[in-house]
Amino acid sequence: MLRKLMVALAFAIIATAGFASRALADAAGAWQAYQSGQYAAAAREIKALAEAGDAAAQFYLGTFHSDGLAMKRDYRRAAEWYAAAAAKGHDDAKFALGFLYFNGAGEGAGAVPADPALAARWLKAAAERGNVAAQSMLAVLYGEGYDLPRDAKESFRWAHVAALRGNAAAQYQMGRLKAETLDVSSWSEAYTWFLLADRRGYPGARESTAVVAGQLDAKTLAEAVVRADDFVPRPPR
């Protein structure tokens, strides 16, 4: 369930993440054409730029293959173009690649199978560059395992960074990690994180606050609410 929620949230981010990048004027113009529905013209321009080695265009071309509007949907080709852009240091492409490998996508020859090790590699590359969605997904990947050794320390590391920036999924993950302990002070912190996630509408957070609230006395619960009220998201570095 948590994995599906993370994928749904990340999908919304990946659809727009790279389009604020500093692309070449031609690539930016091609994207504008794409947004206005001129798919064929946009695809021709982006493909030419991508084949010439422009990283932003390679990222866009990967997105075209992924969303299936400008050309036939082919996740394998999308991954290839994302990988080309990521190899040149394109941060949004790193996230896009990690996202594809996180859950896999498609069927048949154009499919990309789930690969937790590759997902972790590329999500970490994006997370280290400050991508909050990557940080949040990495926290879940390490926290749940998904065919990788579960690493609570790494899960906490990335969940904490993203949670402090106001990411609801990471705040929920912080609540889960804190709630796993037998320490009342950790339960109090878990309540704060669950409450913050609930205030941002994260699915399941409200139910989790109710469960944890049952373990706290009135004074501790009030303190946890005050912490949530005082929370101010940190800006990206």
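Note that this is a predicted model, so its numbers are computed, not measured.

Spanning twelve residues, helix α10 (residues 168-179) covers 16 Å between terminal C-alpha atoms, matching the ideal 16 Å at 1.5 Å per step. Counting buried positions over the twelve residues of α10 gives ten, a clear majority of the element. Those residues of α10 that sit buried are Ala 168, Ala 169, Ala 170, Gln 171, Tyr 172, Gln 173, Met 174, Gly 175, Leu 177 and Lys 178. The opening residue of α10 is Asn 167, an N-cap whose side-chain oxygen sits 3.1 Å from the backbone nitrogen of Ala 169.

We now examine the side chain of Ser 208. Within the secondary structure layout, Ser 208 lies in helix α12 (residues 205-213). Within the local environment of Ser 208, its side chain forms a polar contact with the side chain of Tyr 172, the two groups lying 3.4 Å apart. Not counting the four nearest positions on each side in its chain, Ser 208 is found in contact with Tyr 172 and Phe 194.

All right, on to the pattern of salt bridges then. Tallied over the full model, the rule gives twelve salt bridges. In this structure, the salt-bridge partner of Arg 157 is Glu 154, at a minimum N-O distance of 3.4 Å. Taken together, the positions of Arg 157 and Glu 154, both in helix α9 (residues 152-164) and three residues apart, correspond to about one turn of that helix. Of the residues examined, Arg 157 reaches a relative accessible area of 38% and is grouped as partly exposed. Via salt bridges that share partners, Arg 76, Arg 77 and Glu 80 belong to a single interconnected network.

Attention shifts here to helix α6 (residues 91-103). Summarising burial for α6: eleven of the 13 residues are buried, a large majority. Those residues of α6 that sit buried are Asp 92, Ala 93, Lys 94, Phe 95, Ala 96, Leu 97, Gly 98, Phe 99, Leu 100, Tyr 101 and Phe 102. Gly 104 lies just past α6 and shows a positive phi near 75°.

Right, let's get into the packing of helix α4 (residues 55-67) against helix α5 (residues 75-87). The geometry of a pair of packed helices is captured by two quantities: the angle between their axes and the separation between those axes. For the pair α4 and α5, interaxial distance at closest approach is 8 Å and the crossing angle is 165°. As far as their axial angle goes, α5 and α4 are roughly antiparallel. Crossing angle aside, the handedness with which α4 passes α5 is left-handed. Taking contact as the criterion, the partners of Ala 55, Gln 58, Phe 59, Leu 61, Gly 62, Thr 63, His 65 and Ser 66 in α4 are, on α5, Tyr 75, Arg 77, Ala 78, Trp 81, Tyr 82, Ala 84 and Ala 85. Looking at the contact of α4 with α5 residue by residue, the class counts come to nine nonpolar, five polar and one charged.

Right, let's get into the packing of aromatic side chains. The full count for this structure, using the stated rule, is ten aromatic pairs. Ring plane angle 10° and centroid distance 6.0 Å describe the contact between Trp 31 and Tyr 60, whose orientation is recorded as stacked. Pair noted here: Trp 31 is in helix α2 (residues 25-35) and Tyr 60 is in helix α4, with a separation of 29 residues, a long-range link. Here the aromatic rings of Tyr 172 and Tyr 202 are separated by 5.1 Å at their centres, their planes lie at 35°, and the arrangement is tilted. Of the two residues, Tyr 172 sits in helix α10 while Tyr 202 sits in the loop between α11 (184-199) and α12, which places them 30 residues apart along the sequence. Residue Tyr 172 shares its accessibility class with Tyr 202, and that shared class is buried. Each residue in the set Trp 31, Tyr 34, Tyr 39, Phe 59, Tyr 60, Phe 64 and Tyr 82 is aromatic and connected to the rest through ring pairs, giving one cluster.

Rules used throughout
- Residues numbered from 1 in each chain as written.
- Predicted model: local features only at pLDDT ≥ 70, side-chain atom pairs only at ≥ 80, totals over all residues.
- Heavy atoms only, no water.
- Helix = DSSP H or I, 4+ residues; strand = E, 2+ residues; numbered from the N terminus.
- Expected span 1.5 Å × (residues − 1).
- Buried < 20%, exposed > 50% of the residue type's maximum accessible area, 1.4 Å probe, protein only.
- Polar contact = N/O pair within 3.5 Å; in protein donor to acceptor, adjacent residues only side chain to side chain.
- Contact = heavy atoms within 4.5 Å.
- Salt bridge = Lys/Arg side-chain N within 4 Å of Asp/Glu carboxyl O.
- Axes fitted to C-alpha atoms, helices over the stretch in contact; angles between N-to-C directions.
- Parallel < 35°, antiparallel > 145°, perpendicular 65-115°, else oblique.
- Left-handed = near helix turned anticlockwise from the far one by under 90°.
- Nonpolar A, V, L, I, M, F, W, Y, C, P; charged D, E, K, R; others polar.
- Phe/Tyr/Trp six-rings, centres within 6.5 Å; stacked < 30°, edge-to-face > 60°.

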